[in-house]
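# Structure assessment
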Number of protein chains: 2
Amino acid sequence: MSAPLSAVASELGTSKAAARIRAAAIEVFAAKGYGATTTREIAASLDLSPGAVYPHYKTKESLLFAVSLEGHDAALAAVTQADRPTDSPTERLAATVTAYVRWHAHNHAVARVVQHELRSLSREHFTVIVDIRRATSRVFMRIVEAGEAAGEFRTIDVEAVTLAITSLGVDVSRWFPSNAYSDPDVLAARYVELALRMVGATT
Amino acid sequence: MSAPLSAVASELGTSKAAARIRAAAIEVFAAKGYGATTTREIAASLDLSPGAVYPHYKTKESLLFAVSLEGHDAALAAVTQADRPTDSPTERLAATVTAYVRWHAHNHAVARVVQHELRSLSREHFTVIVDIRRATSRVFMRIVEAGEAAGEFRTIDVEAVTLAITSLGVDVSRWFPSNAYSDPDVLAARYVELALRMVGATT
């Protein structure tokens, strides 16, 4: 992440009141779309006056940024915490793909808002989010490279397979749940098998 | 498709004027989001009065449906036309994945609108679109099954791999172009390799 943690925490709003406002914002953004939502409506959904939101979030965009930051930080944390660098690359890929897919399935509402409204962020805020996204991709890329180096993977193109793995994970938030897949663990197990095939895992 | 073709053509609007309105709608929906857009703004972007849109599209939702129908029909047509059932399953998968990825890269603006605003369609219109989406998935599923039957593929789970292939294609419209991938043909070639690995192609 490029932003110092103190700045991130301040943007995020650490109080319980701020967390309630973010949760309400996600619901209203998801239902109506960011562009059609007003801060007033978000406040009203909590029986608050618009003035009660202002001390926490001065603008609708700062609220979107706080929600995006929280969502992206959580997805990155899920992947990072699942990755144990002393395990084999095959085990590491399985653990991180599982964490990433499960996160997007469990948090599909917030993930959908965050993914689809990225372009509504200010340039400065967008840059912070892009840094977190790159850090997440980098976790997968390092594992694929480690698998190559260890002779466990026979990748055709490290960049393309990293893109495909992250894209599959992100896109879960668009369609989840479906008739065929409504259990995050079942889906994650299938996607681990497909990811291992994509990297040409030999074990 | 469940709707008779005549009904579809009438919803779509076959005149040049209707086509111009759909193109304008895609731009405004993409820029502001469907929820924040008014039919008045779409008309204004063409220097038309709202009354000039009305004979073609009575409501904003009917305009979204026409755009969705056109986009989904075109994506299905791209895949269907690329599929030559006399070719080997490996060749067929390569040709259809190429067509699907290229379509979503070339048409990322319309695809993004259509994918993200599906939930804004009426139930009746949503059902029509879901049928087209299922027909598209079915093309890939039939090819995977043919590959299994011919002994060319060793799939773990036909449903999961079909989901992954369509998901990768659809998600192209979210992120395309990126720094690494801005040529639809290069991207399609990479995704064909990954798709063949996912189905366990032996050739």
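Everything quoted here is computed from the prediction, not taken from an experiment.

## Considerations on the overall build of chain A
Secondary structure summary: chain A contains 10 helices and 0 strands in total. Reading chain A from its N end, one meets helices and strands in the order α-α-α-α-α-α-α-α-α-α. Computed over C-alpha atoms, the radius of gyration of chain A comes to 18 Å, within 12% of the 17 Å expected from 2.2 N^0.38 for 203 residues, which places it in the range of a compact globule. Seen through its C-alpha atoms, chain A measures out along the principal axes to roughly 60 × 40 × 25 Å. Across the 203 residues in chain A, those meeting the buried criterion constitute 43%. In chain A, the proportion of contacts linking residues at least 24 apart, taken out of those at least 6 apart, comes to 74%.

## Topic: the nonpolar core
Note that soluble globular proteins tend to have their nonpolar side chains buried in a common cluster. A164 and A195 of chain A together with A164 and A195 of chain B are the most contacted members of the largest nonpolar core, which has 67 residues in total. Excluding anything up to four places from it in sequence, A195 of chain B contacts L93, V97 and I165 of chain B.

## A closer look at helix α2 (residues 16-32) of chain A
Residues and elements named next belong to chain A. The terminal C-alpha atoms of α2, which comprises 17 residues, lie 24 Å apart, in line with the 24 Å expected from a rise of 1.5 Å per residue. Among all positions in α2, only I21, R22, A25, I26, V28 and F29 are buried. Buried residues along α2 sit against α3 (39-44), α4 (50-53), α5 (60-82) and α7 (108-116).

## Considerations on the interface of chain B and chain A
In this complex, chain B contributes 25 residues to the contact, which on the side of chain A involves 25 residues. The element contributing the most residues to the side of chain B that touches chain A is helix α9 (residues 158-175) of chain B, with 9 residues. Of the residues assigned to the side of chain B that touches chain A, the class counts are 11 nonpolar, 6 polar and 8 charged.

## Concerning the environment of A164 of chain B
One can find A164 of chain B in helix α9. Once the C-alpha coordinates of A164 of chain B and M198 of chain B are considered, the two residues, 34 residues apart in sequence, prove to be 8.8 Å apart. Ignoring any residue separated from it by four or fewer positions in sequence, one finds A164 of chain B in contact with L168 and L194 of chain A together with M198 of chain B.

## A closer look at helix α10 (residues 184-198) of chain A
The end-to-end C-alpha separation of α10 of chain A is 21 Å, in line with the 21 Å expected for 15 residues at 1.5 Å each. Of the surrounding secondary structure, the elements contacted by the buried residues of α10 of chain A are α6 (89-106) and α9 (158-175) of chain A together with α9 and α10 (184-198) of chain B.

## Re the packing of α6 of chain A against α9 of chain A
All names here are of chain A. Relative orientation of the contacting elements α6 and α9 amounts to 25°, with a least axis distance of 7 Å. Relative to α9, α6 is oriented roughly parallel. In the crossing of α6 with α9, the sense of the turn from one axis to the other is right-handed. Here α6 contributes V97, Y100, V101, H104 and A105 to the contact with α9, which in turn contributes I165, G169, V170, V172 and S173. Partitioned by chemical class, the residues of the contact of α6 with α9 number 7 nonpolar, 3 polar and no charged.

## A closer look at the environment of V139 of chain B
Residues and elements named next belong to chain B. Along the chain, V139 turns up in helix α8 (residues 123-149). Here V139 falls in the buried class, since 20 other C-beta atoms lie within 10 Å of it. For the pair V139 and L121, spaced 18 residues apart in the sequence, the C-alpha separation amounts to 25 Å. Residue contacts for V139: discarding those within four places in its chain leaves V79, T80, D83 and T96.

## Here we look at the relation of the copies chain B and chain A
The operation relating chain B to chain A is a screw motion whose rotation component is 180°, with 0.0 Å of axial translation and a residual RMSD of 0.0 Å. Interpreted geometrically, this transformation is the action of a two-fold axis. Closest to the rotation axis within chain B is the C-alpha of A36 of chain B, separated from it by 2.0 Å. A shared binding surface is used by both copies, with 100% of the interface residues of chain B retained as interface residues in chain A.

## Details of the packing of helix α2 (residues 16-32) of chain B against helix α7 (residues 108-116) of chain B
Residue and element names in this part refer to chain B. Packing of α2 against α7 leaves a shortest axis separation of 9 Å and a crossing angle of 70°. Classified by the interaxial angle, the pair formed by α2 and α7 is roughly perpendicular. Of the two possible hands of crossing, α2 and α7 adopt the one that is left-handed. The residues of α7 that touch α2, namely those facing I26, F29 and A30, are A109, V110, R112 and V113.

## Section: the environment of T202 of chain B
All names here are of chain B. Take T202: it is sitting in the segment after α10. Residue T202 is classed as exposed on the basis of its 11 C-beta neighbours within 10 Å. Those residues in contact with T202 that sit more than four places away from it in its chain are E152 and R154.

## Quick notes on unusual backbone geometry
Residues and elements named next belong to chain A. P177 follows F176 through a cis peptide bond whose omega is -10°. Examined against the element boundaries, P177 turns out to sit in the loop between α9 and α10. Located in the positive-phi region is D47, a residue other than glycine, with phi close to 60°. Mapped onto the elements of the fold, D47 is located in the loop between α3 and α4.

## A few points about the confidence of the model for chain A
For residues with low pLDDT, the predicted coordinates do not support detailed interpretation. Residues and elements named next belong to chain A. On average, residues of chain A carry a pLDDT of 92, and 94% of them reach 70 or more. Counting contacts from residues 1-6, a segment whose pLDDT is below 50, to residues more than four positions away or on other chains yields 8 contacts. For this predicted complex, the interface confidence reaches an ipTM of 0.91, while the overall pTM sits at 0.92.

Scoring rules and cut-offs
- Residues numbered from 1 in each chain as written.
- Chains lettered and ligands numbered in written order.
- Predicted model: local features only at pLDDT ≥ 70, side-chain atom pairs only at ≥ 80, totals over all residues.
- Helix = DSSP H or I, 4+ residues; strand = E, 2+ residues; numbered from the N terminus.
- Rg over C-alpha atoms; globule rule 2.2 N^0.38 Å.
- Buried ≥ 20, exposed ≤ 12 C-beta atoms within 10 Å, placed from the backbone.
- Contact = placed C-beta atoms within 7 Å.
- Core = buried A, V, L, I, M, F, W, Y, C linked by C-beta atoms within 7 Å.
- Expected span 1.5 Å × (residues − 1).
- Nonpolar A, V, L, I, M, F, W, Y, C, P; charged D, E, K, R; others polar.
- Axes fitted to C-alpha atoms, helices over the stretch in contact; angles between N-to-C directions.
- Parallel < 35°, antiparallel > 145°, perpendicular 65-115°, else oblique.
- Left-handed = near helix turned anticlockwise from the far one by under 90°.
- Least-squares fit on C-alpha atoms with pLDDT ≥ 70 in both.
- pLDDT = per-residue confidence, 0-100.

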